[in-house]
Amino acid sequence: MKVVLFCGGYGMRMRSGATDDVPKPMAMVGPRPLIWHVMRYYAHYGHTEFILCLGYGAHHIKDFFLGYEETTSNDFVLRGGRTELLSTDISDWTITFAQTGIESPIGERLRRVRHHLDGDEMFLANYADVLTDAPLPEMIDRFRRRDAGASMTVVPPQSSFHCVDLGEDGMVGGITPVSELPLWENGGYFVLRQEVFDHIPEGGDLVADGCAGLAKEGRLVAYRHRGFWKPTDTVKERAALDEAYARGERPWAVWERDGATVGSA
(Lines give C-alpha, C1' and ligand atoms only; values in the text may rest on other atoms or scores of the structure.)
Protein backbone atom coordinates (compact mmCIF):
# COMPACT_ATOMS: atom_id res chain seq x y z
CA MET A 1 0.00 0.00 0.00
CA LYS A 2 1.38 3.44 -0.90
CA VAL A 3 2.23 5.90 1.88
CA VAL A 4 1.71 9.64 1.42
CA LEU A 5 3.85 11.75 3.75
CA PHE A 6 3.16 15.45 4.27
CA CYS A 7 6.55 17.09 4.76
CA GLY A 8 6.28 20.57 3.28
CA GLY A 9 5.18 22.77 6.18
CA TYR A 10 7.20 25.55 7.78
CA GLY A 11 7.44 23.95 11.24
CA MET A 12 7.78 27.38 12.85
CA ARG A 13 7.81 26.09 16.44
CA MET A 14 10.76 23.85 15.63
CA ARG A 15 12.93 26.51 13.99
CA SER A 16 15.82 28.14 15.83
CA GLY A 17 15.88 31.36 13.79
CA ALA A 18 15.06 33.12 10.54
CA THR A 19 17.99 31.44 8.77
CA ASP A 20 16.88 27.94 9.79
CA ASP A 21 15.10 26.50 6.74
CA VAL A 22 15.15 22.85 7.76
CA PRO A 23 11.60 21.39 7.57
CA LYS A 24 10.31 19.73 10.73
CA PRO A 25 10.44 16.14 9.39
CA MET A 26 14.22 16.60 9.01
CA ALA A 27 14.75 17.33 12.73
CA MET A 28 17.10 14.70 14.12
CA VAL A 29 16.18 11.90 16.52
CA GLY A 30 19.33 9.92 17.11
CA PRO A 31 21.42 9.63 13.93
CA ARG A 32 18.43 9.93 11.59
CA PRO A 33 15.70 12.55 10.94
CA LEU A 34 12.08 12.16 11.99
CA ILE A 35 10.89 11.29 8.49
CA TRP A 36 13.29 8.33 8.39
CA HIS A 37 11.83 6.92 11.63
CA VAL A 38 8.31 7.28 10.24
CA MET A 39 9.27 5.59 6.97
CA ARG A 40 11.03 2.74 8.77
CA TYR A 41 7.84 2.17 10.75
CA TYR A 42 5.81 1.73 7.56
CA ALA A 43 8.53 -0.30 5.83
CA HIS A 44 8.64 -2.69 8.79
CA TYR A 45 5.06 -3.63 7.96
CA GLY A 46 5.78 -4.04 4.25
CA HIS A 47 4.69 -0.63 2.95
CA THR A 48 7.72 0.64 1.05
CA GLU A 49 6.22 2.87 -1.68
CA PHE A 50 6.41 6.44 -0.44
CA ILE A 51 5.10 9.69 -1.92
CA LEU A 52 6.69 12.73 -0.26
CA CYS A 53 4.61 15.93 -0.47
CA LEU A 54 7.40 18.51 -0.49
CA GLY A 55 7.24 22.23 0.09
CA TYR A 56 9.30 24.37 2.43
CA GLY A 57 12.96 23.28 2.66
CA ALA A 58 12.44 20.50 0.10
CA HIS A 59 16.13 20.43 -0.84
CA HIS A 60 17.04 19.18 2.64
CA ILE A 61 14.86 16.11 2.20
CA LYS A 62 16.06 15.49 -1.35
CA ASP A 63 19.71 15.84 -0.38
CA PHE A 64 19.30 13.46 2.56
CA PHE A 65 18.04 10.63 0.38
CA LEU A 66 20.22 11.37 -2.66
CA GLY A 67 23.30 11.16 -0.44
CA TYR A 68 21.96 8.46 1.87
CA GLU A 69 24.62 6.75 3.98
CA GLU A 70 23.57 3.18 4.78
CA THR A 71 26.54 2.75 7.12
CA THR A 72 25.04 5.22 9.59
CA SER A 73 22.40 2.73 10.75
CA ASN A 74 23.63 -0.63 9.44
CA ASP A 75 26.50 -2.97 10.25
CA PHE A 76 29.07 -3.43 7.51
CA VAL A 77 32.44 -4.95 6.68
CA LEU A 78 35.26 -2.87 5.21
CA ARG A 79 37.25 -5.22 2.99
CA GLY A 80 40.03 -4.09 0.68
CA GLY A 81 38.77 -0.52 0.92
CA ARG A 82 35.26 -1.55 -0.19
CA THR A 83 32.19 -1.44 2.02
CA GLU A 84 30.09 -4.61 2.29
CA LEU A 85 26.77 -3.92 4.00
CA LEU A 86 25.40 -6.63 6.30
CA SER A 87 21.92 -5.08 6.13
CA THR A 88 20.20 -2.12 4.45
CA ASP A 89 17.49 0.38 5.25
CA ILE A 90 16.14 1.70 1.99
CA SER A 91 17.31 -0.61 -0.79
CA ASP A 92 13.75 -1.85 -1.35
CA TRP A 93 12.06 1.55 -0.98
CA THR A 94 10.47 3.48 -3.83
CA ILE A 95 10.31 7.20 -3.06
CA THR A 96 8.46 9.76 -5.18
CA PHE A 97 9.52 13.35 -4.49
CA ALA A 98 6.66 15.70 -5.40
CA GLN A 99 6.74 19.47 -4.97
CA THR A 100 3.26 20.40 -3.69
CA GLY A 101 3.73 24.10 -2.97
CA ILE A 102 5.06 26.23 -0.16
CA GLU A 103 1.76 27.49 1.24
CA SER A 104 -0.49 24.53 0.38
CA PRO A 105 -2.79 23.10 3.08
CA ILE A 106 -2.52 19.37 3.75
CA GLY A 107 -5.60 18.56 1.69
CA GLU A 108 -4.28 20.44 -1.32
CA ARG A 109 -0.95 18.63 -1.03
CA LEU A 110 -2.85 15.34 -1.13
CA ARG A 111 -4.84 16.47 -4.17
CA ARG A 112 -1.63 17.32 -6.02
CA VAL A 113 -0.20 13.80 -5.64
CA ARG A 114 -3.40 11.91 -6.39
CA HIS A 115 -2.11 10.85 -9.80
CA HIS A 116 0.85 9.13 -8.10
CA LEU A 117 -1.55 6.79 -6.30
CA ASP A 118 -2.33 5.03 -9.60
CA GLY A 119 -5.99 4.79 -8.66
CA ASP A 120 -5.30 2.48 -5.70
CA GLU A 121 -8.50 2.00 -3.71
CA MET A 122 -6.72 2.38 -0.36
CA PHE A 123 -3.61 4.20 0.74
CA LEU A 124 -1.90 5.46 3.90
CA ALA A 125 -1.09 9.02 4.93
CA ASN A 126 0.88 10.67 7.70
CA TYR A 127 2.19 14.06 8.84
CA ALA A 128 5.77 12.69 8.98
CA ASP A 129 6.48 14.25 12.36
CA VAL A 130 4.75 11.92 14.87
CA LEU A 131 6.19 8.66 16.22
CA THR A 132 4.11 5.77 17.52
CA ASP A 133 4.05 2.03 18.17
CA ALA A 134 0.45 1.68 16.99
CA PRO A 135 -0.18 -1.74 15.36
CA LEU A 136 -0.50 -0.76 11.71
CA PRO A 137 -1.66 -4.18 10.37
CA GLU A 138 -4.53 -4.20 12.86
CA MET A 139 -5.44 -0.62 11.98
CA ILE A 140 -5.60 -1.52 8.29
CA ASP A 141 -7.49 -4.79 8.79
CA ARG A 142 -10.17 -3.13 10.92
CA PHE A 143 -10.61 -0.44 8.31
CA ARG A 144 -10.89 -2.96 5.47
CA ARG A 145 -13.82 -4.57 7.27
CA ARG A 146 -15.67 -1.28 7.68
CA ASP A 147 -17.82 0.53 5.16
CA ALA A 148 -15.97 3.82 5.55
CA GLY A 149 -14.01 6.27 3.47
CA ALA A 150 -11.30 7.06 6.00
CA SER A 151 -9.80 5.96 9.30
CA MET A 152 -7.82 8.18 11.62
CA THR A 153 -5.80 7.13 14.63
CA VAL A 154 -6.91 8.98 17.75
CA VAL A 155 -5.05 9.28 21.04
CA PRO A 156 -5.84 10.63 24.53
CA PRO A 157 -5.13 14.37 25.02
CA GLN A 158 -1.41 14.95 25.46
CA SER A 159 -1.55 18.21 27.40
CA SER A 160 -0.01 18.30 30.89
CA PHE A 161 -2.45 21.03 31.97
CA HIS A 162 -5.44 20.58 34.27
CA CYS A 163 -9.09 21.48 33.67
CA VAL A 164 -10.92 23.27 36.47
CA ASP A 165 -14.57 22.65 37.28
CA LEU A 166 -15.65 26.18 38.16
CA GLY A 167 -18.98 27.17 39.68
CA GLU A 168 -20.89 30.40 39.07
CA ASP A 169 -19.71 31.68 42.46
CA GLY A 170 -16.06 31.18 41.50
CA MET A 171 -15.62 28.14 43.75
CA VAL A 172 -13.65 25.21 42.30
CA GLY A 173 -15.53 21.94 42.42
CA GLY A 174 -12.76 19.77 41.05
CA ILE A 175 -9.53 19.60 39.08
CA THR A 176 -8.94 17.01 36.36
CA PRO A 177 -5.82 16.40 34.22
CA VAL A 178 -6.62 16.99 30.56
CA SER A 179 -5.25 13.52 29.76
CA GLU A 180 -8.01 11.96 31.91
CA LEU A 181 -10.89 13.67 30.14
CA PRO A 182 -13.13 11.54 27.86
CA LEU A 183 -11.66 13.21 24.78
CA TRP A 184 -9.57 12.02 21.84
CA GLU A 185 -7.10 13.86 19.59
CA ASN A 186 -6.24 13.31 15.95
CA GLY A 187 -3.13 11.12 16.02
CA GLY A 188 -2.04 11.76 12.44
CA TYR A 189 -1.96 8.19 11.09
CA PHE A 190 -4.57 7.78 8.34
CA VAL A 191 -5.90 4.92 6.23
CA LEU A 192 -7.84 6.41 3.31
CA ARG A 193 -9.97 5.42 0.38
CA GLN A 194 -10.17 7.37 -2.87
CA GLU A 195 -13.53 8.83 -1.91
CA VAL A 196 -11.81 11.18 0.52
CA PHE A 197 -10.97 13.30 -2.53
CA ASP A 198 -14.71 13.91 -3.06
CA HIS A 199 -14.68 16.01 0.11
CA ILE A 200 -11.48 18.02 -0.37
CA PRO A 201 -11.97 21.17 -2.44
CA GLU A 202 -9.15 23.03 -4.14
CA GLY A 203 -7.02 24.55 -1.38
CA GLY A 204 -8.81 22.41 1.22
CA ASP A 205 -7.69 20.53 4.30
CA LEU A 206 -7.54 16.78 4.86
CA VAL A 207 -9.11 16.84 8.33
CA ALA A 208 -11.32 19.96 8.34
CA ASP A 209 -12.73 19.17 4.88
CA GLY A 210 -12.00 15.56 3.93
CA CYS A 211 -12.48 13.79 7.26
CA ALA A 212 -15.18 16.17 8.49
CA GLY A 213 -17.15 15.65 5.29
CA LEU A 214 -16.94 11.88 5.63
CA ALA A 215 -17.90 12.12 9.31
CA LYS A 216 -21.12 13.93 8.37
CA GLU A 217 -21.97 10.98 6.13
CA GLY A 218 -21.12 8.44 8.82
CA ARG A 219 -18.11 7.21 6.84
CA LEU A 220 -15.20 8.14 9.13
CA VAL A 221 -13.93 5.65 11.70
CA ALA A 222 -11.31 6.02 14.41
CA TYR A 223 -8.68 3.68 15.75
CA ARG A 224 -8.15 4.42 19.45
CA HIS A 225 -4.53 3.99 20.47
CA ARG A 226 -3.50 4.19 24.11
CA GLY A 227 0.09 3.10 23.59
CA PHE A 228 3.14 5.14 22.68
CA TRP A 229 2.47 8.25 20.62
CA LYS A 230 4.63 11.35 20.62
CA PRO A 231 4.38 14.51 18.48
CA THR A 232 7.27 16.84 17.72
CA ASP A 233 5.56 20.19 17.50
CA THR A 234 8.20 21.94 19.60
CA VAL A 235 11.95 21.84 20.10
CA LYS A 236 11.35 20.49 23.61
CA GLU A 237 9.32 17.53 22.32
CA ARG A 238 11.94 16.71 19.68
CA ALA A 239 14.73 16.94 22.27
CA ALA A 240 12.83 14.56 24.57
CA LEU A 241 12.63 11.97 21.78
CA ASP A 242 16.31 12.43 21.01
CA GLU A 243 17.22 11.89 24.66
CA ALA A 244 15.00 8.81 24.84
CA TYR A 245 16.73 7.43 21.75
CA ALA A 246 20.14 7.93 23.39
CA ARG A 247 18.92 5.99 26.47
CA GLY A 248 17.76 3.13 24.27
CA GLU A 249 14.10 3.92 25.00
CA ARG A 250 12.49 3.97 21.55
CA PRO A 251 9.19 2.05 21.52
CA TRP A 252 8.37 3.53 18.11
CA ALA A 253 11.26 1.53 16.58
CA VAL A 254 9.12 -1.56 15.95
CA TRP A 255 11.74 -2.78 13.46
CA GLU A 256 14.22 -3.28 16.32
CA ARG A 257 12.18 -5.90 18.15
CA ASP A 258 10.32 -9.12 17.42
CA GLY A 259 6.62 -9.68 17.86
CA ALA A 260 3.64 -7.49 17.19
CA THR A 261 2.98 -4.17 18.82
CA VAL A 262 0.13 -3.84 21.26
CA GLY A 263 -2.71 -1.38 20.89
CA SER A 264 -6.44 -1.04 21.47
CA ALA A 265 -9.42 0.13 19.57
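What you see is a predicted model; the values in this text were computed from it and never measured.

J.: Describe unusual backbone geometry, listing the residues and the values that go with them.
T.: The backbone of D118 shows a phi angle near 55°, a positive value even though the residue is not glycine. Here D118 lies in the loop between α3 (106–112) and β8 (122–126). With a phi angle near 65°, A128 is a residue other than glycine that sits in the positive phi range. As for its position among the elements, A128 is in the loop between β8 and β9 (130–132).

J.: Which residues make up the pairing of strand β11 (residues 162–166), and what values go with them?
T.: One ladder, built from five bridges, connects β11 with strand β12 (residues 172–177); its direction is antiparallel. In the sheet register, D165 faces β12, and the bridge partner there is G174.

J.: Provide a residue-level description of a nonpolar patch on the surface, including the pertinent values.
T.: On the surface, V164, L166, V172 and I175 cluster together into a nonpolar patch covering about 390 Å² of accessible area. Residue assignment for the nonpolar patch shows that the elements contributing at least two residues are β11 and β12. Mapped onto the secondary structure, V172 falls in strand β12.

J.: Can you lay out the pairing of strand β5 (residues 76–79) for me, pointing to particular residues and giving the numbers?
T.: Note on strand geometry: in a regular strand, side chains alternate between the two faces of the sheet. Across four bridges, β5 lies against strand β6 (residues 82–85) in antiparallel orientation. Within β6, the position partnered with R79 by the bridge is R82. What sits between the antiparallel neighbours β5 and β6 is a turn of two residues, in which G80 has the positive phi angle 60°.

J.: With reference to specific residues and values, describe the nonpolar core.
T.: The nonpolar side chains of a soluble globular protein tend to be buried, and buried together. Counting 49 residues, the largest nonpolar core has L5, Y41, Y42, F50, L52, F65 and W252 as the members making the most contacts within it. Leave out the neighbours within four places in its chain, and Y41 touches T132, A134, P135, L136, M139, Y189, W252, V254 and W255. Ranked by size, the runner-up nonpolar core spans 21 residues in total, among them C53, A150, L192 and L214.

J.: Now, about the sheet that holds strand β10 (residues 150–155): what can you tell me, with residues and values included?
T.: The mixed open sheet is built from seven strands, whose spatial order is β7-β4-β1-β8-β13-β10-β14. Edge strands, defined here as strands with exactly one partner in the open sheet, are β7 (94–99) and β14 (220–224). Going from strand to strand, the sheet's axes swing by 25° on average, the running direction of each strand aside. Bridge count between β10 and strand β13 (residues 185–193): five bridges; the pairing is antiparallel. By the bridge assignment for β13, V155 is matched with E185. Packed on one face of the sheet, helix α4 (residues 136–144) meets β8, β10, β13 and β14 and runs near 55° to β13.

J.: Help me get a handle on the packing of aromatic side chains, residues and values and all.
T.: In total, this model carries 14 aromatic pairs according to the counting rule given. Ring plane angle 25° and centroid distance 6.1 Å describe the contact between Y42 and Y189, whose orientation is recorded as stacked. Of this pair, Y42 sits in helix α1 (residues 34–44) while Y189 sits in strand β13; the two residues are 147 residues apart in sequence, bridging distant segments of the chain. Taken individually, Y42 and Y189 each receive the classification buried, so the pair is uniform in this respect. Arranged with centres 5.4 Å apart and planes meeting at 85°, the rings of F64 and Y68 form a pair that is edge-to-face. Like F64, the residue Y68 is buried in the burial classification. The residue whose ring lies beneath R193 is F143, and the NZ or CZ to ring-centre distance is 4.4 Å.

J.: Could you give me a rundown of the environment of C7, with the residues and numbers involved?
T.: With respect to the helices and strands, C7 occurs in strand β1 (residues 2–7). Its relative accessible area of 1% is what places C7 among the buried residues. Distance in space between the C-alpha atoms of C7 and A125 is 11 Å, their sequence separation being 118 residues. Not counting the four nearest positions on each side in its chain, C7 is found in contact with P23, P25, I35, L52, C53, L54, G55, Y56, I61 and A128.

J.: Tell me about helix α6 (residues 235–246), and name the residues and values.
T.: Over its 12 residues, α6 extends 16 Å from the first C-alpha to the last, a length consistent with the 16 Å expected when each residue adds 1.5 Å. For α6, the complete set of buried residues consists of R238, L241, A244 and Y245. In an axial view of α6, the angular spread of the buried residues amounts to 120°, which keeps them on one side of the axis. Pointing more than 90 degrees away from the buried face of α6 are the exposed residues K236 and A246. Each element contacted by the buried residues of α6 is listed here: β2 (28–29), α1, β9 and β15 (229–231). Of the residues trailing α6, G248 is marked for its positive phi of about 85°.

Definitions and cut-offs
Counting from 1, residues in each chain are numbered in the order their sequence is written. pLDDT decides what is reported in this predicted model: residues at 70 or higher carry local features, side-chain atom pairs at 80 or more are listed and counted, and totals for whole chains, interfaces and linings draw on all residues regardless. Remark: hydrogens and water are excluded; side-chain values derive from all non-hydrogen atoms of the structure. Only runs of H or I of at least four residues qualify as helices and only runs of E of at least two qualify as strands under DSSP, and these elements are numbered from the N terminus. Strand pairing follows a simple DSSP-based rule, namely that at least 2 bridges must link the two strands. Nonpolar side chains (Val, Leu, Ile, Met, Phe, Trp, Tyr) are joined into patches within 5 Å and like charges within 9 Å, using only residues with over 30% relative accessible area and no salt bridge. Note on areas: Shrake-Rupley, 1.4 Å probe, and residue coverage restricted to the protein chains presented here. We define a salt bridge as a contact between a side-chain nitrogen of Lys or Arg and a carboxyl oxygen of Asp or Glu at a distance within 4 Å. Only buried residues count toward a nonpolar core, which is a set of Ala, Val, Leu, Ile, Met, Phe, Trp, Tyr and Cys residues joined through side-chain atoms within 4.5 Å. Buried, partly exposed and exposed residues are distinguished by accessible area as a fraction of the type maximum, computed with a 1.4 Å probe on protein chains only: under 20%, between the cut-offs, and over 50%, respectively. In what follows, residue pairs with any heavy atoms lying within 4.5 Å of each other are defined as contacts. A fitted line through C-alpha atoms serves as each axis, taken over the contacting stretch for helices, and the angle formed by two N-to-C directions is quoted from 0 to 180°. Any pair of Phe, Tyr and Trp rings, taking the six-membered ring for Trp, is counted once the centres come within 6.5 Å. Such a pair is stacked with planes under 30 degrees apart, edge-to-face with planes over 60 apart, and tilted for the rest. By the criterion adopted, a ring carries a charge over it if an Arg CZ or a Lys NZ lies within 6 Å of its centre and within 35 degrees of its normal. To estimate the expected span of a helix, count its residues, drop one, and scale the result by 1.5 Å. An arc is given here, and it is the one of the directions from the helix axis to the C-beta atoms.

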